[in-house]
Amino acid sequence: MEVYFDNSATTRVLDKVVAAMDQMMTENYGNPSARHIMGVRAENAVKQAASQVAKTLKVKEKEILFTSGGSESNNMALIGTALANKRAGKHIIASNIEHPSIYNTLGFLEEMGFEVTYLRVDQKGHVDLEQLKQAVRQDTILVSVMYVNNEVGAVEPVEEIGKIVHGANPGTVFHVDAIQAYGKFQIRPKKQGIDLLSVSGHKLHGPKGIGFLYIDEHVKIRPIIYGGGQQRGMRSGTENVPGIVGMGVAAEEAYTNFEEKVGHLCALKDHMLERLKEVEGATPNSYPGRESAPQVVSVSFSGVRSEVLLHALEDKGIYVSSGSACSSNHPDVSGTLKGIGVKPELLDSTLRFSFGRFNTLEEVDYCIETLKELLPVLRRYQRG
C-alpha cells in the first residue's frame, strides 16, 4: 500500500484542474497583454479565475492579485506594506510561530530599520491576545498572524485579532497567511477584519507555482516586482495563465460541497488521534474536531529521531513530514514546537501527518499498525 500523508507540503492536482490548464497551454495559449483574439481569450481566462477566487472569499475581483505562490504573497504583503507605510511608522507585529516566508522576510525588514515585536503563543499555539493588546502602538503599521500553523495545525482567532488591531489603531494593516487555511475554512476577510490574505494553489489540489494575495481596495501597498505593469501595475511580468486558470478551478472545487470535504478531513484526523492512543510513547501536538485544523496531526514519538522514523515509514510506502517542507532544508529545531512547549527531548522526535481529499480511513489504520510494528524495533536500535 502507498499512503501519502504529506498534503500540507503539496497535494495531488485534480484531474479537472489538469484539463483546464492543458487547454490553456495547447489551445488558448495567447499572452493576456496581446491585443488580438488569442490575447483576449487569455485575458478573459485570467479574469474568470479572479472571479472564481473572489467568490470564495466574498470580495471583489479587483482585490485578487495572482502571484507565484505563498512565499511571494507573504513577501509582497510584508515588504510592500512596510515600504508604502514607513512614514506612518516602522513597527510590525507577528507571532513567534510564523512560516519561514514570514519570519525570514521580517528579518530582512529588521535589517532595513523596521522594529518587529514577536507575540508568544500558548500550549495550543494560540497567540497571546493580551500581549497583542499591549503591543499595538500608533506607529504599528502592520500585524501579520497565520490563520493555521503549518506544523501543528493550531487555528488562530483571526477575527478577534482583527478587532483588537483595528480597535487599537485603525490605520494598522492586518495580514493573514492563510496558506494552510484556505479551502479548509470559510474565510470572510471583510467580516474578519483581514486586509491582506496569502494563499498558495498547491495546498488545495491545484498546481505549484501559483497563488494569490487578497488586497483590500483601501490598503496602501507597493509592488515589489517592476516591469511591464501587468495586473494593474501591482505585479509586472507575463501572467502564468495556465497556473492562474488551475488556481481558479481548484479554488472553486475546494468550496463546492465544502462541509462534506472538511468533514472527511476531520474524520481522518479524529480517527488517527483516537488510534494513536494505542501507540506507546506517542504524544499528539494537535487537537480533535475543530480545535485545530482538520488536515494536520503533529505527533511526538519518544525514543526515536523523527528522520529515522520518517524513512522507516517511507520504506513501508507511507510518506510524511518531519516538519514543514519549507523549513526541512534547515537543521534548526522547530520554533513552533518550542513555542508550544514541547519537551526538549521530543523536539527532534516529531512527525507531521497531513491529509487530503484522496486519503481514506483504511490508510490511517495501515499507518497506525505500521507505527506499532516499527517503533519498538527503532527504539531498541537507537538505545543500542
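For the structure, check the block above.
The rules behind these values
- Residues numbered from 1 in each chain as written.
- Predicted model: local features only at pLDDT ≥ 70, side-chain atom pairs only at ≥ 80, totals over all residues.
- Heavy atoms only, no water.
- Pairing = 2+ DSSP bridges.
- Helix = DSSP H or I, 4+ residues; strand = E, 2+ residues; numbered from the N terminus.
- Axes fitted to C-alpha atoms, helices over the stretch in contact; angles between N-to-C directions.
- Contact = heavy atoms within 4.5 Å.
- Salt bridge = Lys/Arg side-chain N within 4 Å of Asp/Glu carboxyl O.
- Buried < 20%, exposed > 50% of the residue type's maximum accessible area, 1.4 Å probe, protein only.
- Core = buried A, V, L, I, M, F, W, Y, C linked by side-chain atoms within 4.5 Å.
- Phe/Tyr/Trp six-rings, centres within 6.5 Å; stacked < 30°, edge-to-face > 60°.
- Lys NZ or Arg CZ within 6 Å of the ring centre and 35° of its normal.

> Which residues make up the sheet that holds strand 7 (residues 196-200), and what are the values?
Think of a sheet as strands paired side by side through backbone hydrogen bonds, with each pair either parallel or antiparallel. Across the sheet, seven strands lie side by side as 2-8-7-6-5-3-4; this open sheet has mixed pairing. Bordering the open sheet on either side are strand 2 (64-67) and strand 4 (115-119), each of which pairs with just one other strand. With direction set aside, neighbouring strand axes in the sheet form an average angle of 20 degrees. With five bridges connecting them, strand 5 (residues 140-146) and strand 6 (residues 173-177) associate as parallel partners. Following the sheet pairing, Val 145 is matched in strand 6 by Val 176. This element, helix 4 (residues 100-111), spans strand 3 (91-95), strand 4, strand 5 and strand 6 of the sheet and lies at about 150 degrees to strand 4.

> Account for the pattern of salt bridges, with residues named and values stated.
The final tally for this structure, using the stated rule, is 24 salt bridges. Taking the shortest distance from any N to any O, the salt bridge between Lys 133 and Glu 130 comes out at 3.2 Å. Of the two residues, Lys 133 and Glu 130 both sit in helix 5 (residues 129-135), three residues apart, roughly one turn of that helix. With a relative accessible area of 44%, Lys 133 lands in the partly exposed category. With a shortest N-O distance of 3.1 Å, Lys 316 and Glu 373 are connected by a salt bridge. Separated by 57 residues along the polypeptide, Lys 316 in the loop between helix 10 (306-315) and strand 11 (318-319) and Glu 373 in helix 12 (residues 361-383) bring together distant segments of the chain.

> How would you summarise the nonpolar core if you had to cite specific residues and measurements?
Ranked by size, the top nonpolar core spans 68 residues in total, and within it Phe 66, Leu 132, Tyr 147, Tyr 182 and Ile 187 carry the most contacts. Not counting residues up to four positions away in its chain, the partners in contact with Tyr 182 are Val 53, Thr 56, Leu 57, Ile 187, Val 199, Leu 204, Phe 212, Met 247, Ala 251 and Tyr 255. Residues Met 272, Ala 282, Leu 313 and Ile 318 belong to the second largest nonpolar core, which totals 29 residues.

> Could you give an account of the sheet that holds strand 9 (residues 282-284), naming the residues involved and the relevant values?
Within the open sheet, the three strands sit side by side as 9-10-12. Their pairing is antiparallel. Bordering the open sheet on either side are strand 9 and strand 12 (350-354), each of which pairs with just one other strand. Strand-to-strand, the axes of this sheet are offset by a mean angle of 30 degrees, without reference to chain direction. Two strands pair when backbone bridges link them, and strand 10 (residues 296-301) and strand 12 are joined in this way by five bridges, in the antiparallel orientation. Following the sheet pairing, Ser 300 is matched in strand 12 by Thr 350. Of the strands in this sheet, strand 10 and strand 12 touch helix 10, which is tilted by about 40 degrees from strand 12.

> Could you give me a rundown of the packing of aromatic side chains, with the residues and numbers involved?
In this description, a pair of aromatic rings is defined by centroid distance and the angle of the planes. In this structure the tally under the stated criterion is seven aromatic pairs. Where Phe 5 meets Phe 355, the ring centres are 5.0 Å apart and the plane angle is 90 degrees; that geometry is what we call edge-to-face. A residue pair is termed long-range when its members are at least 10 positions apart, and Phe 5 in the loop between strand 1 (3-4) and helix 1 (15-26) and Phe 355 in the loop between strand 12 and helix 12 qualify at 350 residues. Judged on exposure class, the residue Phe 5 and its partner Phe 355 are both buried. Clustering of aromatic rings is evident, with ring pairs tying together Tyr 182, Phe 212, Tyr 255 and Phe 258. Over the aromatic face of Phe 358 sits the side chain of Arg 12, whose NZ or CZ is 4.0 Å from the ring centroid. The ring of Tyr 287 has Lys 124 sitting right over it, with the charged end atom 4.9 Å from the ring centre.

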